[in-house]
Number of protein chains: 2
Amino acid sequence: MNIYDISRRAGVSIATVSRVLNNSPHVSENTRKKVMAVIEGTGYVPNAFARGLGLNTMKTIGLLCPDASDPYLSQALTYLERAFRQQGYDCLLSCTDKALLARQQGVELLKSRHVDGIVLMGSSFIEDDPSENDYIRDAARSVPVILLNAAFPCDNVYGVQCDDQRAVNEATLSLLDSGCRRILYLYHSRNYSGRKKLTGYRDAHAQRGVEVDEKLLCFFDQDKGSVHQVRDTLLQLEKDGLCFDAVLTSEDILSVGALKYARAAGRRVPEDLSVIGYNNSSLCACTEPELTSVDNKLFAICEHIVTTMMGVLDGKEMPQKTVFTGELVKRETTK
Amino acid sequence: MNIYDISRRAGVSIATVSRVLNNSPHVSENTRKKVMAVIEGTGYVPNAFARGLGLNTMKTIGLLCPDASDPYLSQALTYLERAFRQQGYDCLLSCTDKALLARQQGVELLKSRHVDGIVLMGSSFIEDDPSENDYIRDAARSVPVILLNAAFPCDNVYGVQCDDQRAVNEATLSLLDSGCRRILYLYHSRNYSGRKKLTGYRDAHAQRGVEVDEKLLCFFDQDKGSVHQVRDTLLQLEKDGLCFDAVLTSEDILSVGALKYARAAGRRVPEDLSVIGYNNSSLCACTEPELTSVDNKLFAICEHIVTTMMGVLDGKEMPQKTVFTGELVKRETTK
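Starting from 1, residues in each chain are numbered consecutively following that chain's sequence as written. Throughout, the order in which chains and ligands are written sets their labels, letters from A for the former and numbers from 1 for the latter. For a predicted model such as this one, the threshold for reporting local features is a pLDDT of at least 70, and the threshold for listing and counting side-chain atom pairs is 80 or more; totals across whole chains, interfaces and linings nevertheless cover every residue. Values shown for side chains rest on all heavy atoms present in the structure; no hydrogens or waters enter the calculation.

1. Some points on the overall build of chain A
The line we're drawing: Secondary structure is summarised from DSSP: a helix means a run of H or I of at least four residues, a strand means a run of E of at least two, and numbering begins at the N terminus for each. For each residue, the accessible area found with a 1.4 Å probe, counting protein chains only, is set against the maximum for its type, and the residue is called buried under 20%, exposed over 50%, and partly exposed in between. Only heavy atoms matter for contacts: two residues are in contact if any of them lie within 4.5 Å across the pair. Each accessible area value is a Shrake-Rupley result obtained with a 1.4 Å probe; residue values ignore everything except the protein chains displayed when judging cover. Asp and Glu count as negative and Lys and Arg as positive, but His and the ends of the chain are not part of the count. To locate a charge, take NZ of a lysine, CZ of an arginine, CG of an aspartate or CD of a glutamate.
A tally of regular secondary structure across chain A gives 12 helices and 12 strands. Expressed along its principal axes, the backbone C-alpha trace of chain A runs to roughly 75 × 35 × 35 Å. Looking at chain A as a whole, 57% of its 335 residues are labelled buried. Pairs at least 24 apart in sequence give 72% of the contacts found in chain A among residues at least 6 apart. With an accessible surface of roughly 13800 Å², chain A has 47% of that area assigned to carbon and sulfur atoms. If the 39 positive side-chain charges of chain A are averaged to one point and the 43 negative ones to another, these points end up 3 Å apart.

2. Considerations on the packing of aromatic side chains
All names here are of chain A. Put simply, the rule reads: In this analysis, rings of Phe, Tyr and Trp, with Trp reduced to its six-membered ring, are considered paired at centre separations within 6.5 Å, and the interplanar angle assigns stacked below 30 degrees, edge-to-face beyond 60, and tilted for intermediate values. Two thresholds decide whether a charge sits over a ring: the Lys NZ or Arg CZ must be within 6 Å of the ring centre and within 35 degrees of the ring normal.
One pass over the full model with this rule turns up 10 aromatic pairs over all chains. Their ring planes at 15° and their centres at 5.5 Å tell us that tyrosine 185 and tyrosine 187 sit as a pair that is stacked. Residue tyrosine 187 is classed as buried on the basis of its relative accessible area, which comes to 10%. The ring of phenylalanine 219 has arginine 190 lying over it, and the distance from NZ or CZ to the ring centre is 3.6 Å.

3. Comments concerning the sheet that holds strand S10 (residues 292–295) of chain A
Residue and element names in this part refer to chain A. Cut-off, in case you're wondering: The pairing criterion is simple: DSSP has to find at least two bridges between the two strands. The convention used is that axes are lines fitted to C-alpha atoms, helices contributing only their stretch in contact, and that angles between N-to-C directions extend from 0 to 180 degrees.
Taken in spatial order, the six strands line up as S7-S6-S8-S9-S10-S12 in an open sheet, and their pairing is mixed. Two strands close off the open sheet at either side, each with one partner strand: strand S7 (217–219) and strand S12 (327–329). Between one strand and the next, the sheet's axes are offset by a mean angle of 20°, whatever the strand orientation. In terms of strand pairing, S10 meets S12 through three bridges, oriented antiparallel. Note that in S12 the partner of valine 294 across the bridge is leucine 328. This element, helix H8 (residues 164–177), spans strand S6 (183–187), strand S8 (246–249), strand S9 (274–278), S10 and S12 of the sheet and lies at about 170° to S9. Packing of helix H10 (residues 227–239) onto the sheet brings it into contact with S6, S7 and S8, and relative to S6 it is tilted by some 145°.

4. What to know about the pairing of strand S3 (residues 117–121) of chain A
The two faces of the sheet receive side chains in turn, since in a regular strand these alternate between them. Residue and element names in this part refer to chain A. Burial analysis of S3 places five of its five residues in the buried class, the great majority of the element. Side chains Gly117, Val119 and Met121 project from S3 onto one buried face, and the interleaved Ile118 and Leu120 project onto a second face that is buried too. As paired strands, strand S1 (residues 60–65) and S3 are joined by four bridges and run parallel to one another. Note on S3: the bridge partner recorded for glycine 62 is isoleucine 118. As defined by bridge partners, S3 adjoins strand S4 (residues 145–148) across four bridges and the pair is classed as parallel. If you follow isoleucine 118 over to S4, its bridge partner there is valine 145.

5. Topic: the interface of chain A and chain B
What counts is decided by this rule: Using a 1.4 Å probe, buried area is obtained as the accessible area two parts lose upon being combined, added over both of them. One side-chain nitrogen of Lys or Arg within 4 Å of one carboxyl oxygen of Asp or Glu is enough to make a salt bridge. Each polar contact in these results corresponds to two N or O atoms within 3.5 Å; when the atoms are within protein, one needs to be able to donate a hydrogen and the other to accept it, and residues that are neighboring in sequence are counted only if both atoms are side-chain atoms.
Across the boundary between the two partners, chain A contributes 34 residues, which contact 34 residues of chain B. At the boundary of chain A with chain B, total buried surface from both sides reaches about 2900 Å², with 55% on carbon and sulfur atoms. Summed over the three residues of chain A that lose the most area to chain B, namely Arg113, Cys286 and Glu288 of chain A, the buried surface amounts to 21% of that side. Our count for the contact surface shared by chain A and chain B stands at six salt bridges. Glutamate 288 of chain B is the partner of arginine 263 of chain A in a salt bridge, and the nearest nitrogen-oxygen pair spans 3.4 Å. Here chain A and chain B share 13 residue pairs in polar contact (both at pLDDT 80 or more) between them.

6. Things to note about the domain arrangement of chain A
Note on interface size: it is often stated as the accessible area lost on association of the parts. All names here are of chain A. Note the cut-off: Domain borders in the structure are assigned automatically or taken from a domain database.
Once the domains are mapped, chain A shows domain 1 (3–45), domain 2 (59–162 + 298–326) and domain 3 (164–295). With centres defined by C-alpha atoms, the gap from domain 2 to domain 3 works out at 29 Å. With 13 residues of domain 2 at the contact, the number on the domain 3 side is 11 residues. Around 990 Å² of area is buried between domain 2 and domain 3 when both sides are counted, 42% of it from carbon and sulfur atoms. Summed over the three residues of domain 2 that lose the most area to domain 3, namely Ser123, Cys162 and Gly326, the buried surface amounts to 35% of that side. At the junction of domain 2 with domain 3, the criterion picks out zero salt bridges.

Right, dumping it as structure tokens:
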């Protein structure tokens, strides 16, 4: 018996069940009776309801993270953990690799630990093939699920994200408008967010009537995107005759490699080459010159995830999708 | 009833109880009978024994981490999680701040989730005041506890660490032996490991007959150790007349700040100023020039923690304290 079963048996939405459990005034007496009858007809009180019914819960949120060493996710982990703790909630992290089975098992592990809600960290949890997202749908029948930087239309699933497509679009436009015409794009993810970014890059070129040379799109395997490998790849591309007057990257670390290339090739930044990173991470202040980057509002996203989770657990109506707008933070690698 | 209670009631060591549970041949029939009588006399089977008794456990290790955004701990988290997963164990992370109560609660949270063992990440878990370490002693009565980069003499507690004192000692000696005489030491932790490092710095000076100028020891609050704050502090120290010909830091990020200072002050690295970091983190390849740093063997430490935990859970006799030796990795910031 879970919130989904109760809503189905009572013939009302999950949100309505939540409202009943929280004595919301926005429920008719008739509906309230119908829902309570279903709940009382079952001996079992699912954990997700315990709070609403005034019982003690473990007050724990499960975080599922595909790679805790990824700087973006590691930062998110810290923000989320602190903000949940301020609300009196502990966090249990389960790491997983990106294989479907591992993600399903990660969700099962968290459910078996009776968490009050689950946060799926990063857009790699959403697949194009709808059947591969069933595990999210299943999880959402027991507990609220919040997606960090993704969206998924499903009851009891909430998405909080940055508009990566728009952010990369604006970064690309700023390069085009400063006179750059051949913008090398370095990326190392083809997931949901990765594809949005690439679309932003392409759209900007279309908007300014500049054709995209496909040779300027340069994919790095996650394991092969080290600073020195990026530097060496760019040196080789230059040797092979590829011209580029700017580098835009889907992650700051790839931009660090581009700066290494510029130094090795004797190109001045930003005079001969503009460079823009993504994430506005702590790396940006470490390079020389310091890196212009897109702030993708991770802190605000994490705060909002916690607000959303608390709202859902309190039976409030919360938005299913929230989108933040990124912002280009100019430092020394752009004109 | 826990392993400690059973060993006490049976009048044998915890290791002996473990051996009994694992049908080790190194236990006399008499001892085996005594231990099993105690266990069978109790209805309750503590989780830590379940595996030894052939029952199913949750196969989960609890990781307690004071700050998941710390690059050293975040890297450790990834190594540990992967290595435990390869052994068929899931990891549950609980974050905590450094206050004693928070750490106690973190341990309690993990215990309430029936983990098979606990890893305390980082030396900040050990306090000088012995009474403040009672929570570790308590935890070790239920499950094995392994300390990452710390040691604590107590039954069922295991420490795996790097000899930070020796590593900093050798880094300091290498600077002194290259002709440096005024080595600025930047640090931002006064915990167990932090104090060991400082001792290594002082000892090296004593070994070479160089007096330590206390003005060269520069503490940065965790929140005030940003790259630009370090740069500005060093510029101010120079303006105030402090002379230094090398910078040694307790964390790589502080060295990045020192490199920013050198650039702002027009000092050439390594010709006018040598710089050595600590952790040999991914930052080292991002700076210009690239940073010489002490590799504190985090990967080997994490692998060994997992080996130790698996051994303990299998009832094997494992070393209570394991010490790795750091290694100076020379890059471009030293002569």
